[in-house]
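These are the residues of each chain, in order.
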Amino acid sequence: MNDIPDPPWADGSGLRITGVRTILTAPAGTTLAVVRVDTSEPGLYGLGCATFTQRAKAVRTAVDEYLAPQLIGRDPADISDIAAMLHVSGYWRSGPVLNNALSGVDMALWDIKGKVAGLPVWQLLGGRCRTAVPLYTHAAGIDAEAVADEVRQWLDAGYRYVRCQVAVPGGGTYGAPSAAGPASARPPMTPGAWDPAAYRRTVRGLFDHLRAEVGAEVELIHDVHERVDPTDAVRLAKDLEPYDLFYLEDPVAPEDLDWLRAIRAQCATPIAIGELFVNPSEYRPVVAERLCDFIRVHISAIGGITPAWRLANLAEAFGVRTAWHGPGDVSPVGHAANLALDLVSPNFGVQEQHLFGERVREVFPGCPEIRDGHLWPSERPGLGVDLDERLAAKYPPAATAAWRPPRRADGALQRP
């Protein structure tokens, strides 16, 4: 037992938490962090995603050394109280390391609650609003025609939503391969540099080509990844308005959110924002002022299912839809949490897809099923995903990875 007092309603009997630990594994080369919470009932445990790839070992320390001692002996059913208690237990609150640690515990407790009830988590949250969850997939290429070809392939496979990224000739960009630029007698100061002006021109040309080639029915998405100055973000959003995007993602950085008002005032391009937010309160002014159309939440970065579900309810009241972040550095457990929230949210918008390879699917039995451009729920209790620790141990954590931000032509750093 720990020396932190239980809440006054706890009598010390019934199901109890007996162990909490973090498992790091990298079956696809990207370190995934999963928290396991064990209970006093043999064989009953829960799993939660705590993946912050660039700081995975810091998250593991936060869980195993700081959160675990506060949880031993607690009733795993008290999710709301535990989430609130852990959130304030360090005095200074939030941040991606601590929130991912909280998320691992929070998701694991929801997993346990579902297993105890014999129900999937999405049933505990109120039951489904939809049969399956529409996904958006990714198309990228060295030029607009290559992107259009890939979009057609995804449409043939049953997808309706496609994020489109294109290379900038001679420069670096996000989400697309490199493309050779025109030969120059003077070598660039920074090879592969990020050039915002060239990027804007290229993206305008991309969507002009796509609408002409693939038609109006496909829902197109583009991710700026906060890589332009605010004035350029306004110009780009206006430039893309004629092409009827489903949304433009992260046109500005979290530090520049006031500029969303300028975008709103000048064009009707739908905006998705929030992938980099690490506190649910960061969404409040953006949602309340209707400065975005979609919240792009990395669920583990804000603390797990509990705060995400509350945030989804807040967003619904203001007509803002969800588009949870779903890249490869979210574990299958985290994708199952996304799926649960997608199924139950009336204001669901779209879900980002990641296709897990064979190794990951072996390590994580019960990965959510993808077919016909949709994510399909299962009736398995809890989150429905397990972890084979014997196989996970075959794929130790990858070397500590730092996000490598791009640089401009003069060598100056550009935000990611």
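Each remark here, short or long, concerns the structure printed above.
Read on for a plain summary of the structure.

Procedures and definitions
- Residues numbered from 1 in each chain as written.
- Predicted model: local features only at pLDDT ≥ 70, side-chain atom pairs only at ≥ 80, totals over all residues.
- Heavy atoms only, no water.
- Helix = DSSP H or I, 4+ residues; strand = E, 2+ residues; numbered from the N terminus.
- Buried < 20%, exposed > 50% of the residue type's maximum accessible area, 1.4 Å probe, protein only.
- Contact = heavy atoms within 4.5 Å.
- Areas by Shrake-Rupley, 256 points an atom, 1.4 Å probe, with all protein chains shown as cover.
- Salt bridge = Lys/Arg side-chain N within 4 Å of Asp/Glu carboxyl O.
- Phe/Tyr/Trp six-rings, centres within 6.5 Å; stacked < 30°, edge-to-face > 60°.
- Lys, Arg positive; Asp, Glu negative; His and termini not counted.
- Axes fitted to C-alpha atoms, helices over the stretch in contact; angles between N-to-C directions.
- Parallel < 35°, antiparallel > 145°, perpendicular 65-115°, else oblique.
- Left-handed = near helix turned anticlockwise from the far one by under 90°.
- Nonpolar A, V, L, I, M, F, W, Y, C, P; charged D, E, K, R; others polar.

**Observations concerning the overall build of the chain**
A count of helical and extended segments in the chain gives 13 helices and 13 strands. Here the C-alpha coordinates of the chain stretch approximately 75 × 45 × 40 Å along the principal axes. A total of 416 residues make up the chain; the buried ones form 54% of that total. A separation of at least 24 residues holds for 70% of the contacts in the chain among residues at least 6 apart in sequence. Total accessible area on the chain stands at roughly 17600 Å², and carbon and sulfur atoms take up 52% of it.

**Section: the pattern of salt bridges**
A full pass over the atoms with the stated rule returns 23 salt bridges. As a salt-bridge pair, glutamate 389 and arginine 21 come within 2.8 Å of each other at their nearest N and O atoms. On the criterion of sequence distance, the pair formed by glutamate 389 in helix 13 (residues 389-392) and arginine 21 in strand 1 (residues 17-25) is long-range, its members being 368 residues apart. A salt bridge links arginine 371 to glutamate 369, with the nearest nitrogen and oxygen atoms 2.7 Å apart. Ionic contacts of the salt-bridge type, sharing partners, join the residues Arg21, Arg36, Asp38 and Glu389 into one network.

**Some details on the packing of aromatic side chains**
For the structure shown, the criterion picks out nine aromatic pairs. With 5.0 Å between their ring centres and 80° between their planes, tryptophan 154 and tyrosine 159 make a pair best called edge-to-face. Each member of the pair tryptophan 154 and tyrosine 159 is classed as buried. For the pair phenylalanine 246 and tyrosine 247, a centre-to-centre distance of 5.7 Å together with 40° between the ring planes defines the contact as tilted. Accessibility expressed as a relative area gives 9% for phenylalanine 246, which makes it buried. Members of the aromatic cluster, joined through ring pairs, are Tyr136, Tyr161, Phe246, Tyr247 and Phe294.

**Some points on unusual backbone geometry**
Unlike most non-glycine residues, tyrosine 91 shows phi in positive territory, near 70°. Along the chain, tyrosine 91 falls in the loop between helix 2 (79-88) and helix 3 (96-117).

**So, the side chain of aspartate 250**
Position of aspartate 250 among the secondary structure elements: in the loop between strand 7 (247-249) and helix 8 (260-266). Nearest to the buried, unbridged aspartate 250 among oppositely charged side chains is arginine 296, at 6.1 Å. Among residues more than four places away in sequence, those in contact with aspartate 250 are Asp223, Val224, His225, Glu226, Ala272, Ile273, Gly274 and Glu275.

**Side note on the packing of helix 5 (residues 144-156) against helix 6 (residues 196-214)**
Helices that pack against each other are described as a pair by the angle of their axes relative to one another and the distance between those axes. Relative orientation of the contacting elements helix 5 and helix 6 amounts to 40°, with a least axis distance of 9 Å. Here helix 5 lies oblique to helix 6, going by the angle between them. The crossing of helix 5 and helix 6 is right-handed. Residues Ala144, Glu145, Val147, Ala148, Val151 and Arg152 of helix 5 pack against Leu206, His209, Leu210, Glu213 and Val214 of helix 6. Each residue belonging to the contact of helix 5 with helix 6 can be placed in one class, and the counts come to seven nonpolar, one polar and three charged.

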